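Tertiary structure, described
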Amino acid sequence: MDTDTICAIATPAGAGGLGVIRVSGPHAGALAHAVLGRLPQPRFATLARFRDEAGQTLDEGIALYFPGPASFTGEDVLELQGHGSPVVLDRLLRSLVALGARLARPGEFTERAFLNGKIDLVQAEAVADLVASANEASARAAFRTLQGAFSETLEGLHQRLVVLRTHVEAAFDFPDESLDTTADSAVGPALQTIRALVAEALRRGREGRLLREGAHVVIVGAPNAGKSTLLNALVGHEAAIVSPYPGTTRDLVRETVVLDGLALRLTDTAGLRDSDDPIEREGVRRAEGVLADADYALWVVDDTEGESSRVPPPTTIPTLTVYTKIDRSGRPAGACPGGFAVSAPTAVGLAELRRGIRALILGPESRSCEEGAFTARRRHVEALQYVATALAAAEARQQEGQMELVAEELRRAHDRLGEITGRFTSDDLLGRIFADFCIGK
Ligand SMILES: Nc1nc2c(ncn2[C@@H]2O[C@H](COP(=O)(O)OP(=O)(O)OP(=O)(O)O)[C@@H](O)[C@H]2O)c(=O)[nH]1
Ligand SMILES: [Mg+2]
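None of these values were measured; they are calculated from a predicted model. (Residues numbered from 1 in each chain as written. Chains lettered and ligands numbered in written order. Predicted model: local features only at pLDDT ≥ 70, side-chain atom pairs only at ≥ 80, totals over all residues. Heavy atoms only, no water.)

To continue, consider the pattern of salt bridges. According to the stated counting rule, one finds 27 salt bridges in the structure shown. Measuring nitrogen to oxygen at the nearest pair gives 3.9 Å for the salt bridge that ties Arg-49 to Glu-60. One end of the pair, Arg-49, is in strand S3 (residues 46-51); the other, Glu-60, is in strand S4 (residues 57-66), and 11 residues separate them in sequence. Taking the relative accessible area as the measure of exposure, Arg-49 reaches 52% and is therefore exposed. Judged by its relative accessible area of 38%, Glu-60 is partly exposed. Several salt bridges converge on common partners, so that one network encompasses Asp-4, Glu-75, Arg-102, Arg-105, Glu-108, Glu-111 and Arg-112. (Salt bridge = Lys/Arg side-chain N within 4 Å of Asp/Glu carboxyl O. Helix = DSSP H or I, 4+ residues; strand = E, 2+ residues; numbered from the N terminus. Buried < 20%, exposed > 50% of the residue type's maximum accessible area, 1.4 Å probe, protein only.)

Listed below in structure tokens is the structure:
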């Protein structure tokens with residue numbers, strides 16, 4: 001365990017009203033003596049002068065001292081709130097280093113909170129997500145995760161898996177004790193319950209991920225179908241060039257738009273066709289690349305063109321068909337079999353399309369997506385998907401009466417579940433997680 005005392009500027013770079021320096025570690029108290037001339041009363045705001053290692057006053061402000069373990073990191077923590085002068089903060093930081101502290105790495109305060117058992121990994125990540133949240137809904141979801149809502153759900157799953165695994169292992173460890181029949185009859189329903197709970201956690205986690213990252217929606221279709229016109233209409237400004245010539249768009253045009261609190265990352269792409277033009281070919285290659293990476297696709301079809309020109313995009317992601325130019329084809333606006341009909345330049349049918357996109361992403365009820373969502377990251381969602389798959393396999397093996405294999409699948413599910421909260425997590429993964437924090441967190 002690292003026992004250095006670490007320090008960092010916790011407020012953003014640049015001049016500001018306040019600048020906060022955070023210190024954590026066994027020497028925080030000694031550093032308080034050196035800088036302030038005394039130890040502030042624990043957990044009370046104390047007005048004090050901040051001095052450098054030579055005793056020169058640098059600033060005056062509020063000092064707060066939190067003795068461990070009742071602190072954010074679980075260690076002794078000192079917070080110095082001075083004026084937000086980058087020069088003074090830097091000087092103060094250098095004198096803390098001269099007095100024996102070390103500059104903190106990004107995320108190191110939160111990492112220590114995790115290592116000292118103050119928070120689990122999911123909560124640690126929520127700290128970073130809360131700080132970085134781009135909208136109110138994702139901030140609320142991050143706070144819910146930080147408060148432990150996601151962790152409690154995972155802990156509940158963990159407890160149930162422990163009970164279930166004990167049952168299953170007893171069934172084949174003591175086959176003669178006629179335990180197997182009782183165990184068997186309990187295993188099926190217990191497995192179903194856990195699978196349902198995992199499915200619910202996955203749903204809430206996915207919503208949280210969408211809140212945090214936004215859903216990535218790619219706009220694809222034939223050249224000249226009206227893709228760029230649709231992008232511009234959805235984002236409300238002329239983001240992409242529109243022209244009557246097929247092959248206008250080559251670069252990917254990325255825009256973000258918020259539909260009722262749901263963030264969408266939209267990407268407009270080059271029209272899909274074979275071309276002799278090397279630049280257009282590159283555009284098509286990039287379009288196909290995004291198609292592989294996106295969460296959803298809008299397939300734009302020029303409704304004035306015949307059926308024969310409608311080659312669906314090469315993808316398996318959920319796709320909505322958008323028929324455009326209905327001002328000329330005469331198709332009624334709004335929902336139609338398999339998609340939506342719009343006239344993008346006049347915004348006809350756009351409101352229905354927006355609702356359709358929401359429903360595609362959030363399900364037909366299209367609830368307000370933030371309700372109960374946890375901020376989850378791709379890492380959590382992928383782990384939960386793995387758990388769900390392993391549990392489905394366990395159920396299949398259980399129906400075949402292969403209890404050893406049930407036990408094996410349950411073990412896999414359990415290990416992966418533990419990785420989410422950091423119960424069993426490799427140092428390597430921890431390093432990667434904390435590395436994308438900013439310094440001072
Ligand atoms: N009348 C009518 N014209 C439209 C509509 N949507 C697009 N257009 C026109 O169709 C032409 C092509 O539109 P774009 O948005 O550039 O088409 P695109 O699919 O992005 O084309 P590429 O980038 O070349 O693949 C332009 O002249 C648009 O003004 C529509 O709903 N109604
Ligand atoms: Mg275009």
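A word on the packing of helix H8 (residues 227-235) against helix H11 (residues 350-362). Contact pair H8 / H11: the axes reach a minimum separation of 11 Å and the direction vectors enclose 85°. Classified by the angle between their axes, H8 and H11 sit roughly perpendicular to one another. Taken together, the residues of H11 that come into contact with H8 (itself represented by Leu-230, Ala-233 and Leu-234) are Leu-350, Leu-353, Arg-354 and Ile-357. Its residues assigned to classes, the contact of H8 with H11 shows 6 nonpolar, no polar and 1 charged. (Axes fitted to C-alpha atoms, helices over the stretch in contact; angles between N-to-C directions. Parallel < 35°, antiparallel > 145°, perpendicular 65-115°, else oblique. Contact = heavy atoms within 4.5 Å. Nonpolar A, V, L, I, M, F, W, Y, C, P; charged D, E, K, R; others polar.)

Core analysis: the biggest nonpolar cluster contains 30 residues, and Leu-230, Leu-264, Leu-298, Leu-353, Ile-357 and Ile-361 have the highest contact counts within it. Contributing elements (two or more residues each) for this core: strand S7 (215-221), H8, strand S8 (253-259), strand S9 (262-268), strand S10 (296-302), strand S11 (319-324) and H11. Beyond its immediate stretch of four places on either side in the chain, Leu-298 contacts Val-217, Val-218, Ile-219, Val-220, Leu-230, Leu-234, Leu-320, Val-322 and Ile-357. In this structure, Leu-384, Val-387, Ala-394 and Ala-407 belong to the second largest nonpolar core, which totals 29 residues. (Core = buried A, V, L, I, M, F, W, Y, C linked by side-chain atoms within 4.5 Å.)

Attention now moves to the sheet that holds strand S2 (residues 16-24). Strand order in the open sheet formed by 6 strands is S3-S4-S5-S2-S1-S6, with mixed pairing between adjacent strands. With partners counted over all chains shown, the strands left at the sheet margins are S3 and strand S6 (102-103), one partner each. Pairing of strand S1 (residues 6-9) with S2 involves 4 bridges; the strand directions are antiparallel. Its bridge partner being in S2, Ile-9 is matched across the sheet by Ile-21. Those strands touched by helix H1 (residues 28-36) are S2, S3, S4 and strand S5 (77-84), and its axis lies near 80° from that of S3. Contacts between helix H3 (residues 108-115) and the sheet are confined to S1, S2 and S6, with S1 contributing the most and set at about 135° to the helix. (Pairing = 2+ DSSP bridges.)

Let us look at the side chain of Thr-269. Mapping Thr-269 onto the fold places it in the loop between S9 and helix H9 (278-293). The exposure class assigned to Thr-269 is buried, which follows from its relative accessible area of 0%. Within polar-contact distance, the side chain of Thr-269 engages the backbone oxygen of Ile-219 at 2.7 Å. Setting aside chain neighbours within four positions, we find Thr-269 in contact with Val-218, Ile-219, Val-220, Lys-227, Thr-249, Leu-252, Ala-287 and Val-290. (Polar contact = N/O pair within 3.5 Å; in protein donor to acceptor, adjacent residues only side chain to side chain.)

Our focus in this paragraph is the domain arrangement of the chain. Domain assignment breaks the chain into domain 1 (6-104), domain 2 (128-211 + 377-435) and domain 3 (214-362). The centre of domain 1, based on its C-alpha atoms, is set 41 Å off from the matching centre of domain 2. (Domains from an automatic or database assignment.)

With that settled, consider the side chain of His-158. With respect to the helices and strands, His-158 occurs in helix H6 (residues 149-173). According to the relative accessible area criterion, His-158 is buried, its value standing at 13%. Among the polar contacts listed, one links the side chain of His-158 to the side chain of His-414, at a separation of 2.9 Å. Those residues in contact with His-158, other than ones at most four positions away along the chain, are His-414, Leu-417 and Arg-423.

Before going further, it helps to spend a moment on the environment of Ser-151. With respect to the helices, strands and loops of the structure, Ser-151 is situated in helix H6. When the C-alpha atoms of Ser-151 and Ile-420 are compared, they prove to be 9.0 Å apart, with 269 residues separating the residues in sequence. If sequence neighbours within four positions are ignored, Ser-151 has contacts with Asp-120, Val-122 and Gln-123. Side chain to side chain, Ser-151 and Asp-120 meet in a polar contact 2.8 Å long.

With respect to the helices, strands and loops of the structure, Val-381 is situated in helix H12 (residues 378-399). For Val-381 and Arg-206, which are 175 residues apart along the polypeptide, the C-alpha to C-alpha distance reads 6.4 Å. If we skip the residues at most four places from it in the chain, Val-381 touches Leu-202, Gly-205, Arg-206, Arg-209 and Ala-376.

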